[in-house]
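Fold and geometry: a report
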Amino acid sequence: MLEIRNIHKSFHQNEVLKGVDIEVQKGDVVVILGPSGSGKTTLLRCMNFLERADQGTLVFDEKELNLRKVHKKEIREIRMKTGFVFQNYNLFLNKTALENVTEGLIIARKIPAEEAEAIGKQALDKVGLSERYHYYPSQLSGGQQQRVGIARAIAANPEVIFFDEPTSALDPELIDDVLQVMKRLAREGTTMVVVTHEMSFAREVASKVYFMDGGVVVESGTPRDVLLHPKEERTKQFFRRINREVEYYI
């Protein structure tokens, strides 16, 4: 369904991605793990053209694109088939939850306002915000704002949704509500690519895990392979550190 081959990206003299390959099948929940600065978010943004890769190939629905030479029309076609959930919500502060969800449907997809409103309400219902249609972001908790962001993504009925550390900006008490929504989407067969530090989500939901460090994929496989029986020493070091941190806070 979606494949990235040999993707490279530099910012000035800093090479952030050094030839990354990712493959996503329909219905997959692909989780990308790794330390800060490993290139996870840059990879995700390049996959949805929020950043332009310097080199690489993207295959989407059997259409192959050169990431360096891709045209605006081709980018638009890909974006119409994808959704993106941002780390910091990216909501319009002067619009209600419902308006934030319907804006893209009306403006980008030319869906009539009445139909867009019905779709928007259905999406907000799905993320547990049926009583918050007319609330502004300032009236919502961080978790509720992120669920609006998820509703905005699923309202477009995308073939794949990208999640960029969707819980990292949330207070610990609010994380579970967002993860529960994501788990429900996964059970329904939604294809997802998720950059996260939530190990429990990766263990429970992921069909494939990629561990990145230094701009490359160090190790990939099933959650059992990567999380419980990693082969590479760098992967083992990372999970040992994560486990020590969890034990410390408990």
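Look a little higher up for the structure.
Structural notes, computed from the coordinates. From a predicted model like this one, the values you see are computed outputs, not experimental measurements. (Residues numbered from 1 in each chain as written. Predicted model: local features only at pLDDT ≥ 70, side-chain atom pairs only at ≥ 80, totals over all residues. Heavy atoms only, no water.)

A few words on the overall build of the protein chain. Tallying secondary structure elements over the protein chain gives 9 helices and 10 strands in all. A compact globule built from 250 residues should have a C-alpha radius of gyration of about 18 Å, and the protein chain, at 18 Å, falls within 12% of that. By principal-axis analysis of the C-alpha atoms, the protein chain measures approximately 55 × 50 × 35 Å. Within the protein chain, contacts between residues separated by at least 24 positions form 64% of all contacts whose residues are at least 6 apart in sequence. Per element, the accessible surface of the protein chain, about 12700 Å² overall, is 45% carbon and sulfur. Across the protein chain, the mean location of the 35 positive side-chain charges is 3 Å away from that of the 36 negative side-chain charges. (Helix = DSSP H or I, 4+ residues; strand = E, 2+ residues; numbered from the N terminus. Rg over C-alpha atoms; globule rule 2.2 N^0.38 Å. Contact = heavy atoms within 4.5 Å. Areas by Shrake-Rupley, 256 points an atom, 1.4 Å probe, with all protein chains shown as cover. Lys, Arg positive; Asp, Glu negative; His and termini not counted. Charge placed at Lys NZ, Arg CZ, Asp CG, Glu CD.)

Pairing in this open sheet of 4 strands is antiparallel, and the strands run E2-E1-E4-E5 from one edge to the other. For this open sheet the edge positions go to strand E2 (14-24) and strand E5 (63-66), each flanked by a neighbour on one side alone. On average, each strand axis in the sheet is tilted by 20° relative to the strand beside it, whichever way the strands run. The pairing of strand E1 (residues 2-11) with E2 spans 8 bridges and is classified as antiparallel. The partner of Leu 2 across the bridge, within E2, is Val 24. The sheet contacts of helix H2 (residues 72-79) involve strand E4 (55-60) and E5, and relative to E5 the element is tilted by about 130°. (Pairing = 2+ DSSP bridges. Axes fitted to C-alpha atoms, helices over the stretch in contact; angles between N-to-C directions.)

So, on to the sheet that holds strand E10 (residues 216-221). A sheet is described by the order of its strands in space; here 6 strands give the open sequence E6-E7-E8-E3-E9-E10, paired in mixed fashion. Of all the strands in the sheet, just strand E6 (82-85) and E10 have a single pairing partner and so form its edges. With direction set aside, neighbouring strand axes in the sheet form an average angle of 15°. Lying on the sheet, helix H1 (residues 40-47) is in contact with strand E3 (29-33), E6, strand E7 (160-164), strand E8 (192-195) and strand E9 (208-213); it crosses E7 at an angle near 150°.

Count of turn residues in the E1/E2 antiparallel hairpin: 2 residues, of which His 12 carries a positive phi of about 60°. Direction of pairing for E1 relative to E4: antiparallel, over a ladder of 5 bridges. When the bridges of E4 are listed, Arg 5 appears paired with Thr 57.

Side chains of E6 alternate between two faces, with Thr 82 and Phe 84 and Gly 83 and Val 85 buried alike. Of the strand pairs in this sheet, E6 and E7 are connected by 4 bridges, and their pairing is parallel. Following the sheet pairing, Phe 84 is matched in E7 by Phe 162. (Buried < 20%, exposed > 50% of the residue type's maximum accessible area, 1.4 Å probe, protein only.)

Secondary-structure assignment places Val 16 in strand E2. Its relative accessible area of 13% is what places Val 16 among the buried residues. Filtering out sequence-adjacent residues up to four positions away, Val 16 remains in contact with Lys 9, Ser 10, Phe 11, Ser 38, Gly 39, Thr 42 and Gly 215.

Turning our eyes to something else, we now look at unusual backbone geometry. Phi angles above zero are rare outside glycine, and Asp 61 is one such case at about 50°. The residue Asp 61 is located in the loop between E4 and E5 in this model.

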